[in-house]
There are 2 protein chains.
Amino acid sequence: MIEDKNQERTPLSHLGEFALIEHLTKNFKINHASTIKGIGDDAAILNFKDKKVVVSTDLLVESVHFDLSYMPLKHLGYKAVVVNLSDVYAMNATPTQMTVSIAVSNRFPLEALEDLYAGIETAAKIYNVDLIGGDTTSSNTGLLISITAIGEVEDKKIVYRNGAKPNDLLVVTGDLGAAYMGLQVLEREKEVYKINPNSQPDLEPYTYIVERQLKPEARKDIIKLMDELNVIPTSMIDISDGLSSEIIHLCKQSKVGCDLYEEKIPLDPVVISVCEEFKIDSTTVALNGGEDYELLFTISQEDYPKIKANPNFTVIGFMKEAEAGMHLVTRSESQIPLKAQGWKNFNA
Amino acid sequence: MIEDKNQERTPLSHLGEFALIEHLTKNFKINHASTIKGIGDDAAILNFKDKKVVVSTDLLVESVHFDLSYMPLKHLGYKAVVVNLSDVYAMNATPTQMTVSIAVSNRFPLEALEDLYAGIETAAKIYNVDLIGGDTTSSNTGLLISITAIGEVEDKKIVYRNGAKPNDLLVVTGDLGAAYMGLQVLEREKEVYKINPNSQPDLEPYTYIVERQLKPEARKDIIKLMDELNVIPTSMIDISDGLSSEIIHLCKQSKVGCDLYEEKIPLDPVVISVCEEFKIDSTTVALNGGEDYELLFTISQEDYPKIKANPNFTVIGFMKEAEAGMHLVTRSESQIPLKAQGWKNFNA
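The model shown is predicted, which means the values in this text are computed figures rather than measured ones.

### Some points on the overall build of chain A
The helix and strand inventory of chain A stands at 10 helices and 14 strands. Seen through its principal axes, chain A has C-alpha atoms that stretch 65 × 60 × 35 Å. Looking at the 348 residues of chain A, the share that counts as buried comes to 53%. Considering only contacts within chain A whose residues lie at least 6 apart along the sequence, 87% involve residues at least 24 apart.

And the structure:
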């Protein structure tokens, strides 16, 4: 659906690899003093002096991680970058550079890749990240994007997953479940479109959740805010797979247990109403939906006054001794063991 | 052909993503003091202090860059790493860490990925590179490998592509064209196999060139040797696309011209005889074959005494003013303009 909108189409075979990379990256600027050499040599050269270097990498595959029938390529480029940067922020670090590699089939004209790179460029500008390299190659089917993000952090500010202690508070930013419900709405509209291509979907009531799915943001603002509030979490992770799975990561790596309070889980009113519409339990969605790209972290109780009045943060539980296990405390005060929904890609 | 050899096959769907990564990477050791945190958090943390950081990335796609009907997965894993490290050496740097991401379809059992990672592990050991991260996901077709290599280099030793000066000598390591001719032999055997699966190919006479194709090495030894000889090239690149294309890169980025002497191009005797067998001109193969992963560099003439007796190096030409152009000087002393064969992947 996306590709047909474009009237002028330039086959990729008209360009060589170098001409293609040069064309797609010509608007990217280098902003960081740490970027000594970007695109154009065998490798990039960076200079971090006394800072620690943070490296994170992600692979996004068409029809596994995204569906181009409702994901515009510009959004895809933006999201691919954001997803990666989110991991760097989750170390309490600041992303500074990235490499972007794509494998793409002949069915994509040059104009499609220009759209993709327009999204990448927008994200690079907003998050202030230099593009320093990449690889562009053909694939036999579909589109694949591989991004490696590099960032910097002062030694004493690094936050790992393994520093949570019993009695630490469990805190989450923003609200949960919206990206997953946005996906449900988009999937439903796709089915409607298949049956009746002339139907005009009214997505207006779903704007917030569709945007959370198609154009998520990484919580750059939170890293800055915590720095200003003088809060260094004891452990931190970003929410890509769902709250439940991420809590389990923090607990296992920190060797602690946890009580998560169902009533404290932050949900947007739109998520609650769309969950009712789809007859899905909103807690299940928040626990297992994923793709929220919010930050989940633990702080020692003495830091609580620093965050308590701030609408960006919700305390959703607290850490316990490992032996106590990991539980969801429901509204009816029953305790349910937390489970990771796990990763189902290979079952598809 | 490869997969059928294995009797025990474990479907990837039996494992989750985390279990799979943990299983595949459990034998990898961290050897570098600069690796503060490897696999197991949102991102890796590195510490380069006063060294410059080198970053290089590559994407290898099944049936575009490799053919599993004659490329064993262990070799593929090894080669995927080597190809990437070669770019780091081409900056006169030392690779220290890497991330490895793979997208893989259900047709690969766990044992196939174990073979792939055995090759990656062997390369990591031989080249002393820490695996610090990656992503593992499913694909709808085939196998894709994305590697980002990270290295370090002292400021004053960095060698870019753009430092060649007129009268500098053009030098290449090893010999050229073997990997390409190895591929021709493997392609021929594949066709024979298709017609008669019981035929037993005798690849013995082709051992050197087949190994250059299936298990190339990056010239780690040359970086060490040049350091010992106290030679810092004025420009350098690795030969992945073919001598001609790489010379053009050096000339264009350095804004110089070049005379390349056909009679000086180093060829292994096996390459010469197999070129005769295939009725292909060996100079054409050296110029355009690619995948040699030798280093091509320029040095100022005063450094010539340091390298002249060394069998690792062959002086194949010299740099001129840009206006003189880039030429191959043939054995009959005619001058032919150098051309890049370019990048044909998208025409496939």
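Having put the structure on the table, let's press on.
### As for the relation of the copies chain A and chain B
Structural alignment of chain A on chain B gives an RMSD of 0.0 Å, achieved by rotating through 180° and translating 0.0 Å along the axis. Classification of the inter-copy transformation places it as that of a two-fold axis. Closest to the rotation axis within chain A is the C-alpha of Lys49 of chain A, separated from it by 2.5 Å. When you check the interface residues of chain A against chain B, 100% turn up at the interface there too, and the contact is symmetric in its surfaces.

### Concerning the domain arrangement of chain A
Residues and elements named next belong to chain A. Here chain A is described as being made up of domain 1 (3-157) and domain 2 (169-341). Here domain 1 and domain 2 have C-alpha centroids that lie 27 Å from each other. In this assembly, 17 residues from domain 1 lie in contact with 17 residues from domain 2. The biggest single contributor to the side of domain 1 that touches domain 2 is helix H2 (residues 73-89), with 9 residues. Looking at the side of domain 1 that touches domain 2 residue by residue, the class counts come to 9 nonpolar, 5 polar and 3 charged.

### Some thoughts on the packing of helix H4 (residues 178-195) of chain A against helix H8 (residues 269-278) of chain A
Residue and element names in this part refer to chain A. Contact geometry of H4 with H8 gives a least axis separation of 10 Å together with a crossing angle of 45°. It follows from the interaxial angle that H4 and H8 lie oblique. Like other packed secondary-structure pairs, H4 and H8 cross with a definite hand, here left-handed. The segment H4 lies against H8, with Ala178, Met181, Gln184 and Val185 engaging Val271, Val274, Cys275 and Phe278. A per-class count over the contact of H4 with H8 returns 7 nonpolar, 1 polar and no charged.

### Observations regarding the sheet that holds strand S8 (residues 169-173) of chain B
Residue and element names in this part refer to chain B. Reading across the sheet, the 7 strands line up as S9-S11-S8-S12-S10-S13-S14 and stay open at both edges, with mixed pairing between neighbours. Where the open sheet ends on each side, the last strands, each with one partner, are strand S9 (235-238) and strand S14 (335-337). Between one strand axis and the next, the sheet turns by 25° as a mean value, whatever way the strands run. Relative to strand S11 (residues 295-299), S9 runs antiparallel, the two being bridged by 4 bridges. By the bridge assignment for S11, Ser235 is matched with Thr298.

### Quick notes on helix H3 (residues 110-126) of chain B
All names here are of chain B. Here H3 is 17 residues long and its end C-alpha atoms lie 24 Å apart, about the 24 Å a rise of 1.5 Å per residue gives. The set of residues buried in H3 consists of Ala112, Leu113, Asp115, Leu116, Tyr117, Gly119, Ile120, Glu121, Ala123 and Ala124. Two residues or fewer after H3 comes Asn128, characterised by a positive phi angle close to 55°.

### Remarks on unusual backbone geometry
Residue and element names in this part refer to chain A. For Ser63, which is not glycine, the phi torsion reads 65° and is therefore positive. Note that Ser63 resides in the loop between strand S3 (52-61) and H2. One non-glycine residue with positive phi stands out, namely Tyr293, at about 55°. Residue position: Tyr293 is located in the loop between helix H9 (282-288) and strand S11 (295-299). Overall, Tyr293 belongs to the buried group, with 24 C-beta atoms counted inside 10 Å.

### Re the interface of chain A and chain B
Taken residue by residue, the interface counts 60 residues in chain A and 60 residues in chain B. When residues of the side of chain A that touches chain B are assigned to their parent elements, the largest contribution, 9 residues, is made by S3 of chain A. Each residue belonging to the side of chain A that touches chain B can be placed in one class, and the counts come to 26 nonpolar, 22 polar and 12 charged. In the sheet, S3 of chain A pairs with strand S2 (residues 44-47) of chain B via 4 bridges, with the strands oriented antiparallel. Bridging from a neighbouring strand, Lys52 of chain A pairs with Asn47 of chain B of S2 of chain B.

### Some thoughts on the sheet that holds strand S9 (residues 235-238) of chain A
Residues and elements named next belong to chain A. Sheet architecture is open: 7 strands sit in the order S9-S11-S8-S12-S10-S13-S14, paired in mixed fashion. Across the chains shown, the open sheet's two edge strands, defined by having one partner strand only, are S9 and strand S14 (335-337). Each neighbouring strand pair of the sheet contributes to a mean axis angle of 25°, computed without reference to strand direction. Strand direction decides the pairing type here: strand S13 (residues 326-329) and S14, joined by 3 bridges, are antiparallel. Each residue of the ladder has a partner; that of Val329, found in S14, is Gln335. In the packing of helix H7 (residues 243-254) onto the sheet, contacts are made with S9, strand S10 (256-261), S11 and S13, and the angle to S10 comes to roughly 155°.

### Side note on helix H5 (residues 207-214) of chain A
Since there are 3.6 residues in each turn of an α-helix, residues three or four apart along the chain are aligned in direction. All buried positions along H5 of chain A are accounted for by Ile209, Val210, Arg212, Gln213 and Leu214 of chain A. Of the surrounding elements, those touching the buried residues of H5 of chain A are H2, H4 and H8 of chain A.

### Focus: the confidence of the model for chain A
Residues and elements named next belong to chain A. Looking at chain A as a whole, its pLDDT mean stands at 91, while 95% of the residues score no less than 70. Considering only residues more than four positions removed or in separate chains, one finds that residues 1-6, a stretch of pLDDT under 50, has 8 contacts. Low pLDDT (under 50) marks residues 342-348, which in the prediction has 13 contacts with non-local residues, meaning those over four places away or in another chain. For this predicted complex, the interface confidence reaches an ipTM of 0.89, while the overall pTM sits at 0.91.

### A few points about the environment of His327 of chain A
All names here are of chain A. If you trace the backbone, His327 turns up in strand S13. Overall, the presence of 18 C-beta atoms within 10 Å leaves His327 in the partly exposed class. Note: C-alpha distance between His327 and Val171 (156 residues apart in sequence) is 15 Å. When near neighbours in sequence (up to four residues on either side) are disregarded, His327 contacts Asp259, Leu260, Gln335, Ile336, Pro337 and Leu338.

Calculation rules
- What you see as residue numbers is a count from 1 along each chain, following the sequence as written.
- Here the convention is simple: chains get letters from A, ligands get numbers from 1, in the order in which they are written.
- It should be noted that, the model being predicted, local features are given only for residues of pLDDT at least 70 and side-chain atom pairs only at 80 or more, the latter also being counted only at that level, while totals for whole chains, interfaces and linings use all residues.
- Helix numbering and strand numbering both begin at the N terminus, where a helix is a DSSP run of H or I of at least 4 residues and a strand a DSSP run of E of at least 2.
- Put plainly, a residue is buried at 20 or more neighbouring C-beta atoms within 10 Å of its own, exposed at 12 or fewer, and partly exposed in between, counting only other residues' C-beta atoms, which are placed from the backbone.
- What counts as a contact is two residues whose backbone-derived C-beta atoms lie within 7 Å of each other.
- When the copies are superposed, the least-squares fit takes in the C-alpha atoms of residues with a pLDDT of at least 70 in both.
- Per the annotation, domain bounds derive from an automatic or database assignment of domains.
- Each residue gets one of three labels, nonpolar for Ala, Val, Leu, Ile, Met, Phe, Trp, Tyr, Cys and Pro, charged for Asp, Glu, Lys and Arg, and polar for the others, Gly among them.
- Helix axes are fitted only over the stretch in contact, all axes being lines through C-alpha atoms; the angle between N-to-C directions runs from 0 to 180 degrees.
- Each angle gets one of four labels, with under 35 degrees taken as roughly parallel, over 145 as roughly antiparallel, 65 to 115 as roughly perpendicular, and the rest as oblique.
- Handedness of each helix crossing follows the sense of rotation of the near helix against the far helix: counterclockwise by less than a right angle gives left-handed, clockwise gives right-handed.
- Pairs of strands are assigned from DSSP output, requiring at least two bridges between the strands.
- Helices are assigned an expected span. That span is 1.5 Å times one less than the residue count.
- Predictor confidence is given residue by residue as pLDDT, running from a minimum of 0 to a maximum of 100.

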